[in-house]
Amino acid sequence: MEERNLELKKAGLAIPKVLEKNRLLLPYHLYQAKRDWKQIAGEQIAKYSYILDFKDKQAIIAVMNPVYMNYLFMYKNKIIEEINSYVGHRAIADVRFVKKGKKPVRTVYETLQGEVENVFPKETIRQVRLDDDTVAHIRQETAHLAEGLREKVVQLRFAQAKRKKAYQLEGFVSCPRCGRWMAPGEKECLFCHSEARQALKRQIRAYLDDMPWLSWEAVASYLKAEVTAAAEEQAYNEVRRNLIYTYIEKVYYEYDTEADDFILAMLITRRVPGDIPPKFIENLIAKYRKKDDNVSSSEP
Ligand SMILES: [Zn+2]
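Every value quoted in this text rests on a predicted model; they were computed, and no experiment measured them.

Parameters at a glance
- Residues numbered from 1 in each chain as written.
- Predicted model: local features only at pLDDT ≥ 70, side-chain atom pairs only at ≥ 80, totals over all residues.
- Heavy atoms only, no water.
- Core = buried A, V, L, I, M, F, W, Y, C linked by side-chain atoms within 4.5 Å.
- Buried < 20%, exposed > 50% of the residue type's maximum accessible area, 1.4 Å probe, protein only.
- Helix = DSSP H or I, 4+ residues; strand = E, 2+ residues; numbered from the N terminus.
- Domains from an automatic or database assignment.
- Pairing = 2+ DSSP bridges.
- Axes fitted to C-alpha atoms, helices over the stretch in contact; angles between N-to-C directions.
- Contact = heavy atoms within 4.5 Å.
- Salt bridge = Lys/Arg side-chain N within 4 Å of Asp/Glu carboxyl O.
- Lys, Arg positive; Asp, Glu negative; His and termini not counted.
- Polar contact = N/O pair within 3.5 Å; in protein donor to acceptor, adjacent residues only side chain to side chain.
- Parallel < 35°, antiparallel > 145°, perpendicular 65-115°, else oblique.
- Nonpolar A, V, L, I, M, F, W, Y, C, P; charged D, E, K, R; others polar.

Student: Kindly report on the nonpolar core, identifying the contributing residues and their values.
Tutor: Formed by 39 residues in total, the largest nonpolar core has its most connected members in Trp 37, Tyr 71, Ile 79, Ile 83, Ile 92 and Phe 97. Of all the elements, helix H6 (residues 76–87) adds the most residues to this core, at 5 residues. In this structure, this core is formed jointly by two domains, domain 1 (17–99) and domain 2 (122–182), each of which donates at least three residues. Formed by 27 residues, the second largest nonpolar core is a distinct cluster that contains Leu 208, Leu 214, Met 266 and Ile 285.

Here it is in structure tokens:
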């Protein structure tokens, strides 16, 4: 509890500072996304990648192990969604993957199959030998096809099977929920992980919309989750923080209503409505209101 209060104080100090400097919360959010990549993409993905930079509306992700380029590329849209969800804006429209190293930034292209064949270690695929059962099975399944077509389909199926095996040899397994390939060590794919997390966050958001003062402990009991559930607590912190930022932004740009101010006070203090003195709200709003005289005209 004490730790959290400290964290809140720190955030309380940092936010106006950034606002003053940049007149926008976005750079601060993006900085946080960089720092919190592990929470956004999951521990496994964060082991071999990180956010290198943001340029315009593009996130540039450095990939340390080229074997995972292809894998990450499949998750491109999901990664965009996750970053946006974390940042609380539609800040990112695209993601670019780059190999980390001395080489200059290199773009990764999508093939017709939606995958980046040239990044996946082709050597491995070439070395893969299909077992007799698989070969027989494919032959049998294609036996009914017209002769001209049959061999083409067979070769395609062989290539598919080899690719599947190559993935397995690299340590990839498929997601138990949806069957997508997952990086070694992952328990569910980013799609499933993200879906579950979005649902959780929507649920938490609904609670906080109704009762902005709810502490993590209270939300945990509503969710029937353990107070020690780290991922759930993280989701709570994210939702609450983004809500706070949203309301602060309203205050900052002066399109807040009285109800907004009240909600912001409840979110920040985690106190029930009757416990917040009107003077506190007044001071709070004054603190976050854009201060025109302090803003220099030079920086955008
Ligand atoms: Zn899945």
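Student: Explain the environment of Lys 162 residue by residue, including any values.
Tutor: By secondary structure assignment, the location of Lys 162 is in helix H9 (residues 147–169). For the pair Lys 162 and Val 128, spaced 34 residues apart in sequence, the C-alpha to C-alpha distance is 6.0 Å.

Student: Describe unusual backbone geometry, with residues and values.
Tutor: Despite not being glycine, Glu 254 has its phi angle at roughly 60 degrees, a positive value. Assignment of secondary structure puts Glu 254 in the loop between helix H12 (230–252) and helix H13 (258–269). The phi angle at Arg 270 is positive, at roughly 55 degrees, despite the residue not being glycine. The topology assignment puts Arg 270 in the loop between H13 and helix H14 (278–288).

Student: An account of the pairing of strand S2 (residues 58–63) is requested, with residue identities and associated values reported.
Tutor: On any regular strand, side chains alternate: one points to one face of the sheet, the next to the other face. Buried residues dominate S2, accounting for 6 of its 6 residues. The pairing of strand S1 (residues 49–55) with S2 spans 6 bridges and is classified as antiparallel. Within the sheet, the bridge partner assigned to Ile 51 lies in S2 and is Ile 61. A loop of 2 residues connects S1 with S2, the two strands running antiparallel in sequence, and Asp 56 in this loop sits at a positive phi of about 50 degrees.

Student: Outline the sheet that holds strand S3 (residues 94–99), listing residues and values.
Tutor: Spatial ordering of the open sheet is given by S1-S2-S3, a layout of 3 strands whose pairing is mixed. Sheet topology places S1 and S3 at the edges, where each strand pairs with a single neighbour. Going from strand to strand, the sheet's axes swing by 30 degrees on average, the running direction of each strand aside. Strand contacts of H6: S1, S2 and S3, with the helix running at about 115 degrees to S3, the strand carrying the most contacts.

Student: Account for the pattern of salt bridges, naming residues and giving values.
Tutor: Scanning the model with the defined rule gives 13 salt bridges in all. Where Arg 157 meets Glu 141, a salt bridge forms, and the shortest distance between an N and an O atom there is 2.8 Å. With a gap of 16 residues between them, Arg 157 in helix H9 and Glu 141 in helix H8 (residues 132–142) connect regions that are remote in the sequence. In this structure Arg 157 comes out as partly exposed when scored by relative accessible area, which is 25%.

Student: Outline the side chain of Arg 270, listing residues and values.
Tutor: We note that Arg 270 is buried and unpaired, the nearest opposite charge coming from Glu 217 at a distance of 6.2 Å. Side-chain polar atoms of Arg 270 contact the side chain of Tyr 236, separated by 2.9 Å.

Student: Outline the packing of H6 against H12, supporting the account with residue identities and numerical values.
Tutor: At their nearest, the axes of H6 and H12 sit 9 Å apart, and the two run at 60 degrees to each other. Put simply, H6 runs oblique to H12. Residues Ser 85, Tyr 86 and Val 87 of H6 lie in contact with H12, whose contacting residues are Glu 238, Arg 241 and Asn 242. When grouped by side-chain class, the residues that make up the contact of H6 with H12 number 2 nonpolar, 2 polar and 2 charged.

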